[in-house]
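Reading the structure
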Amino acid sequence: MKIFILLLGLWLCHALHVFSGEGTAVPMHLDAMDCGQLFELSGSYKHRNLTDSAMYGYMLLSSRYTELAREEDRYLCVKAYREVGTIYHGKCEYAKALDFLTQGVEYCEENGFRDLLPGFYNNIGCVYSALNDFTLSISCFEKGLDISRELDDTYNEKILLMNLACHCSHENIKDKAVKYNSQLDSLYGAKDPSIKFYLYLNEGWIYYKDSCYVRSADRTRKALDYAERIGIAPYGRAVVCETLGNVYLNMPDKRDSAYYYLMESYRMASEHGLLGNLRNILRVLAKCHEHDGHDREALQYKIKYWQLSDSLLGSDSFNQTKSRHFLNEIEENYEKIRLLNKEKQEKMEQIRRFRIQIACVISVTVVLMAVVIIIAVQRRKLYNAYKELFNRNIETLKTETPPEKPDNEEEITAASYEMSSEQRQLIRDRLESIMAHSTEIYDCDFSLMRLAELAGTNHHYLSQVINETYGKNFRALLNEYRIKEAQRRLLDENDYGNYTIKAIAESVGYKSHSSFVALFRKATGLTPSVYQQLARSRKKE
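From a predicted model like this one, the values you see are computed outputs, not experimental measurements. (Residues numbered from 1 in each chain as written. Predicted model: local features only at pLDDT ≥ 70, side-chain atom pairs only at ≥ 80, totals over all residues. Heavy atoms only, no water.)

Applying the stated criterion across every chain, the model contains 17 aromatic pairs. Aromatic side chains Phe197 and Tyr198 sit 5.0 Å apart centroid to centroid with 70° between the ring planes, which places their arrangement in the edge-to-face category. Residue classification places Phe197 among the buried residues on the basis of a relative accessible area of 0%. Aromatic pair Tyr496 and Tyr499: ring centres 5.0 Å apart, planes at 75°, arrangement edge-to-face. Judged by its relative accessible area of 35%, Tyr499 falls in the partly exposed class. One aromatic cluster is present, built from ring pairs that chain together Tyr65, Tyr81, Tyr88, Phe100 and Tyr107. Against the face of Tyr510 rests Arg482, its NZ or CZ located 5.6 Å from the ring centre. Positioned over the ring face of Tyr442 is Arg489, at 5.4 Å from the centre of the ring. (Phe/Tyr/Trp six-rings, centres within 6.5 Å; stacked < 30°, edge-to-face > 60°. Buried < 20%, exposed > 50% of the residue type's maximum accessible area, 1.4 Å probe, protein only. Lys NZ or Arg CZ within 6 Å of the ring centre and 35° of its normal.)

On to the packing of helix H4 (residues 71-90) against helix H6 (residues 117-130). Contact pair H4 / H6: the axes reach a minimum separation of 10 Å and the direction vectors enclose 20°. Viewed along their axes, H4 and H6 adopt a mutual orientation that is roughly parallel. When the axes of H4 and H6 are compared, the crossing they make is left-handed. Along its contact with H4, which presents Val78, Tyr81, Arg82, Thr86 and His89, the element H6 presents Gly119, Phe120, Asn123, Cys126, Val127 and Ala130. Within the contact of H4 with H6, the residues separate by chemical class into six nonpolar, four polar and one charged. (Axes fitted to C-alpha atoms, helices over the stretch in contact; angles between N-to-C directions. Helix = DSSP H or I, 4+ residues; strand = E, 2+ residues; numbered from the N terminus. Parallel < 35°, antiparallel > 145°, perpendicular 65-115°, else oblique. Left-handed = near helix turned anticlockwise from the far one by under 90°. Contact = heavy atoms within 4.5 Å. Nonpolar A, V, L, I, M, F, W, Y, C, P; charged D, E, K, R; others polar.)

Only a minority of non-glycine residues have a phi that is not negative, and only a minority of peptide bonds are not trans. If you check the backbone angles, Cys92 has positive phi at about 65° while not being a glycine. Of note, the phi angle at Asp152 is positive, near 55°, even though the residue is not glycine. Among the structural elements, Asp152 can be located in the loop between helix H7 (134-150) and helix H8 (154-170). Taking the relative accessible area as the measure of exposure, Asp152 reaches 64% and is therefore exposed.

There is a patch of nonpolar side chains on the surface, built from Phe354, Ile358, Ile362 and Val366 and spanning about 370 Å² of accessible area. Checked against the element boundaries, Phe354 lands in helix H16 (residues 315-399). (Patch = residues over 30% accessible without salt bridge, like charges linked within 9 Å, V, L, I, M, F, W, Y side chains within 5 Å. Areas by Shrake-Rupley, 256 points an atom, 1.4 Å probe, with all protein chains shown as cover. Salt bridge = Lys/Arg side-chain N within 4 Å of Asp/Glu carboxyl O.)

For helix H13 (residues 255-271), with 17 residues, the first-to-last C-alpha span of 24 Å sits near the 24 Å given by 1.5 Å per residue. Turning to H13, its buried residues are Ala258, Tyr259, Tyr261, Leu262, Ser265, Tyr266, Met268 and Ala269. (Expected span 1.5 Å × (residues − 1).)

It is worth spelling out helix H23 (residues 513-524) at this point. Helix length check: H23, at 12 residues, gives a terminal C-alpha distance of 16 Å against a target of 16 Å (1.5 Å per residue), a fit within 8%. Taken residue by residue, H23 has Phe516, Phe520 and Thr524 as its buried positions. Down the axis of H23, the buried side of the element spans an arc of 40°, and every buried residue falls inside it. Along H23, exposed side chains directed more than 90 degrees from the buried face belong to Ser514 and Lys522. Residue Gly525 follows H23 closely and has a positive phi angle near 85°. (Arc of directions from axis to C-beta.)

Of all hydrophobic cores here, the largest spans 44 residues; its most connected members are Tyr58, Leu61, Val78, Cys108, Phe120, Ile124 and Val127. If you list the elements that add at least two residues to this core, you get helix H2 (35-47), helix H3 (51-62), H4, helix H5 (94-111), H6 and H7. Residues in contact with Val78, not counting those within four places in the same chain, are Tyr65, Gly104, Tyr107, Cys108, Phe113, Leu116 and Phe120. Core analysis: the second largest hydrophobic core is formed by 38 residues, Ile394, Leu451, Ala452 and Leu462 among them. (Core = buried A, V, L, I, M, F, W, Y, C linked by side-chain atoms within 4.5 Å.)

What follows is about the side chain of Asn280. Mapped onto the elements, Asn280 comes out in helix H14 (residues 275-291). Owing to a relative accessible area of 13%, Asn280 belongs among the buried residues under this scheme. Side chain to side chain, Asn280 and Asn132 meet in a polar contact 3.2 Å long. Other than its neighbours up to four places away in sequence, Asn280 contacts Asn132 and Glu242. (Polar contact = N/O pair within 3.5 Å; in protein donor to acceptor, adjacent residues only side chain to side chain.)

Structure (structure tokens):
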């Protein structure tokens, strides 16, 4: 007997360590699990609707959040905050839900977990919606929608669009209602049959707010029929029945129908634990019975409404959490404004620097253009001056007529350096004829001795005649004839057009290119290359 009692006690202890909550296995070694395993285990409880076990796991995981943890562990801890907030929302413990969700948003912002924000803002919006604070709920939904679209998160985009379409329609914010209903239908209407249900319901709300009760009743009944046909969740059917009841309350001959649909909504909300819906229906039923003179029934519904409101709201803690959420929003907006001002200042500074750079560029451009213009004008003037020099040189070449070759070819001899006037004239005539007609003078080795041979005299007489006649020595006279011949050849495009300056120089007896250029420039005022260019331009003209 003692052994039996001992075994029974051990079994009970084992059972207590293995089972807890809803009779669901909850391992007592959760602390030994890493964050990934704990999140996965909690998720499995959630999918099996073992809410308390899931809550325990998620809260344990959320308590592990620390800045020193690995980033992937912090990410899972923040997701756990969202899951805990969602579960509290499902239990209608809105203060606790908002507390966890607001804390999760702060951690998302701190760690840059932007992909989690759409889900957080959607859940916070749902909390405010359950408390009939639709202005805040719509603001949260819109913020979540903007982020989901930035991240191309279609899953949350669809949910947030659906909530925005419903809430804006319910509050008769027509411009937004039309926009979000249209986007919901165009983006997801063909993919999700439940979208049509929400579109019918939204139209019913809009007509109701516009006092078009017949049209509102028609659209809302279509929403109810569609909900029953495709199996919309009890929450959706309870909302439709509540809406129909409110619509019929405003139609004189539909009082019984109003009570019927309100009681249907009351029944579904009670059966399925839809406390938020139940609170709204209790308020409406209390007003209806009070209006119809049913004071006892009205008081009963008021008491139930007050009791449920007190249990749902937990006024003090909720207000504290709500204030914390507002503070977080204010801080976030302040940070955004600060960053915007900083960006504005940086952009203004960039614009200022850009303007200075543009002014400098314009100034430099103007100076460069002025320099270019001045250079162009100077080059034009220089070109005209060169052209004028060139034309003068051509005219000089044209006016010079070479003397005819003398017929008298007798040799001039003299016993001394004394010459008669006839001898001087004869040497002068022969010299001019040779310089004008002989091609030997363009030989690079041509000398005074060779010229004396050609003239039939000695080099002393010849040198004396050159000095007396031209006032220069033999070399200067030879250079003069050679340069003039170079001018003629530079003008002759037919025979010398393919010659280079160096080839022209060699053809008239100059081995040194630099010497030729210097002598040519001294004689004409132009370089051979400029002379050649002007000659070619003259030919084209």
